[in-house]
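If you want the building blocks of each chain, they are given just below.
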Amino acid sequence: MEFSEFEVLLENMCREQGTLSYFVPNLANIEYQEIKNELAIQDYLLDFIQIPINESTITYAEICLNNSKLIRTKLRYYLFLIKNLDKRKKYEWAKQFTDFFFEHIDELSQIETDDTDLLTQCLSTLLETCVQMSLRVDDIWNFLNQYLVRNPNCVYYHAIQSLSLLTTEEKKRNIRDLTEQQLSHDAEKGNYIPIENLMEERSKYKSFFIEKDLLQRRLAEAYINRTKNAENSAIIGITFSQKAASIYKQLGDKELENSCLADLGEFMEMDSPDWHESVIEFSPQENSAIKENVQIIQEIFADSSIPIHQRISFLAKYINESSKTIYTPTALTNSIEDVQRSFNSSVYMQLVSVMTLDQDKVVANGNNSLIKAKELAYSLHIETAIIPAISTLETSQADFIEKVIESISSCPLITQDEMNFITSAFKDYESGRWIPFICVITPSFESILRKLYNTLEGTHIQAKSTDNLIHSTVNLTQILNNKKVREVLSEDIASYLEYLLNSETSAENIRNNVAHRLTPSSFYSQGRSRLLLHALILVSERIKTKFNVETSASRPENNQY
């Protein structure tokens, strides 16, 4: 097949599918002696090839360009060569390309209609290469203005490329007016993605023809209008009303920020209790392994041959059988980091920028993969380790709560006065009164941990971070962040206690939810009560270990704890 015949086939393919589309499979089926070079050219135009192009392919493209008769194929070869030639030859081909483009300006109207990607790439080449070489700059500016009027949706992309052309106030005003019109249009339609992209591009330049505040306002408006098209979807409403509120806060516009937050509250109250929950699916093999492990945990904690005080102490230990970990007191930090890395590489998790933790809490905007990883890891560990262990102990030992009280009371830092609260709380636990149990037992954590802090540091008072002349009792956050406290508890348990009791980016955050009544009465459940029982045992057992109080012996056989 001669080149002239091949060019006709190539032109038709470009017209039907788009010159810069992936039609390589169809191209490969053509019996043409230089098809390998053509495939290399097409791949390179689509940025599929990361290695340097062979000189033979460049020479072939130069010959084809001189021999080609049809507009699309000629433009295709021009674009390829301008990308790949050295500076001297690039100038020659760029000048030819610019002249050819404007000589055929009237014939390009059809290409603008049915092959917009090709014309967009041609205009980009004119702006990025030819303008830098001072080739027909006035013609390029005039064409750019006319093109953007006809295709306002392209204004953001080409406005960035046109910065070097904006040498007069009139030119800046023209591009600014076109851009502002498109911003208003996109904001009204809720088209937020192109505005986000323009915001990102703008940050790369010290001077820009659109003020940052204006871009932020149009982006916030786009988010708000996106919520109006949410079609009763709570997740969409929460996502975009939260994002808009964040922008208005940056702008200092309290009225609009509050308006967005009011919308956020309404979306969060929508009658869709399960919409924010992530459904994690495991393979049959993984499900089988999880069930098998849960069964082993239940067997260990139900084993009446082991004294009950030892089984209670097992809740705070690492249980291994045959070099396999069966039970850990909490999800391990390295496991959470593994999940975080998986989320960071997940396209889906990158797109899901908002997560709801409870009825009144949203985390959004930014890298929240660690928060998501903790929610998944801790909730999974709770369901597959903590709850099976606690529920098994409860059902297998009639006086379980009495034995728990005995175990906790042997902790050297838990005073008799503190035990009065704990004993009273556990009476409510035994009666299934979860609200009073949680309300009374939760402050005990801060009390016990403050006693630990005081023992380790010699005081429980420190200067406030905001004023060194004011001293106050350390709070739970400061206690759990203390290096010595974390050494006693272990990093894994200290991190878990933060999540369970005091983290504003946690679904639990029990201490703050109880102190400030942030959640409804349904929050005060048996499951959450069991978590607090388990956590109290963790704290008391770790303190006992620190102060060498004997709590357990090894289980028989070859098991390690």
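The shown structure was predicted, so the numbers you read here are calculated from the model rather than taken from an experiment.

### Digging into the layout of surface pockets
The space that makes up the second largest pocket amounts to roughly 630 Å³. Contributions of two or more residues to the lining of the second largest pocket are made by helix H16 (284-302), strand S2 (324-327), helix H18 (333-344) and helix H20 (369-396). The element that contributes the greatest number of residues to the lining of the second largest pocket is H16, accounting for 6 residues. Within the lining of the second largest pocket, the residues separate by chemical class into 13 nonpolar, 7 polar and 2 charged.

### Concerning the packing of helix H1 (residues 3-17) against helix H4 (residues 55-67)
Interaxial distance between H1 and H4 falls to 11 Å at its minimum, and their mutual angle equals 85 degrees. Of the possible angle classes, the one that applies to H1 and H4 is roughly perpendicular. Contacts between H1 and H4 pair Phe3, Phe6 and Glu7 from the former with Tyr60, Cys64 and Asn67 from the latter. Here the residues of the contact of H1 with H4 sort into 4 nonpolar, 1 polar and 1 charged.

### Overview of the side chain of Asn513
Residue position: Asn513 is located in helix H27 (residues 510-516). At a separation of 2.6 Å, a polar atom in the side chain of Asn513 contacts the main-chain carbonyl oxygen of Glu508.

### Quick look at the packing of H1 against helix H5 (residues 71-84)
Working note: a packed helix pair is described by the angle between its axes plus the distance between those axes. Running from N to C, H1 and H5 cross one another at 90 degrees; their axes reach a closest spacing of 8 Å. Overall, the two elements H1 and H5 adopt an arrangement that is roughly perpendicular. Residues Phe3, Phe6, Glu7, Leu10, Glu11, Cys14 and Arg15 of H1 touch H5, and the partners they reach there are Ile71, Arg72, Thr73, Arg76 and Tyr77. For the contact of H1 with H5, the per-class residue count stands at 6 nonpolar, 1 polar and 5 charged.

### Considerations on the environment of Val514
Structurally, Val514 can be placed in helix H27. Considering only alpha carbons, one finds Val514 and Val440, 74 residues apart in sequence, at a separation of 9.6 Å. Other than its neighbours up to four places away in sequence, Val514 contacts Ile438, Cys439, Thr442 and Tyr524.

### With respect to helix H22 (residues 416-430)
Its 15 residues place the ends of H22 21 Å apart at the C-alpha level, agreeing with the 21 Å of an ideal helix rising 1.5 Å per residue. Among all positions in H22, only Glu418, Met419, Ile422, Ala425, Phe426, Asp428 and Tyr429 are buried. Looking at the buried positions of H22, the neighbouring elements they touch are H20, helix H21 (400-409), helix H23 (434-457) and helix H28 (526-546). Once H22 ends, the next one or two residues include Gly432, with phi positive near 75 degrees.

### Notes on the pattern of salt bridges
Tallied over the full model, the rule gives 27 salt bridges. The salt bridge partner of Lys484 is Glu457, with a shortest N-O separation of 3.5 Å. Pair noted here: Lys484 is in helix H25 (residues 483-489) and Glu457 is in helix H23, with a separation of 27 residues, a long-range link. Overall, the relative accessible area of 37% leaves Lys484 in the partly exposed class. Each of the salt bridges in this network shares a partner with another, and the network as a whole consists of Glu11, Arg15, Arg72, Asp114 and Asp115.

Cut-offs applied
Residues numbered from 1 in each chain as written. Predicted model: local features only at pLDDT ≥ 70, side-chain atom pairs only at ≥ 80, totals over all residues. Heavy atoms only, no water. 1 Å grid on protein atoms, 1.4 Å probe; cavity = no way out; pocket = protein on both sides within 12 Å on 5 of 7 lines; lining within 4 Å. Points joined across faces, edges and corners; volume = space filled by probe spheres on them. Helix = DSSP H or I, 4+ residues; strand = E, 2+ residues; numbered from the N terminus. Nonpolar A, V, L, I, M, F, W, Y, C, P; charged D, E, K, R; others polar. Axes fitted to C-alpha atoms, helices over the stretch in contact; angles between N-to-C directions. Parallel < 35°, antiparallel > 145°, perpendicular 65-115°, else oblique. Contact = heavy atoms within 4.5 Å. Polar contact = N/O pair within 3.5 Å; in protein donor to acceptor, adjacent residues only side chain to side chain. Expected span 1.5 Å × (residues − 1). Buried < 20%, exposed > 50% of the residue type's maximum accessible area, 1.4 Å probe, protein only. Salt bridge = Lys/Arg side-chain N within 4 Å of Asp/Glu carboxyl O.

Everything listed is a geometric property; what it means functionally is a separate question.
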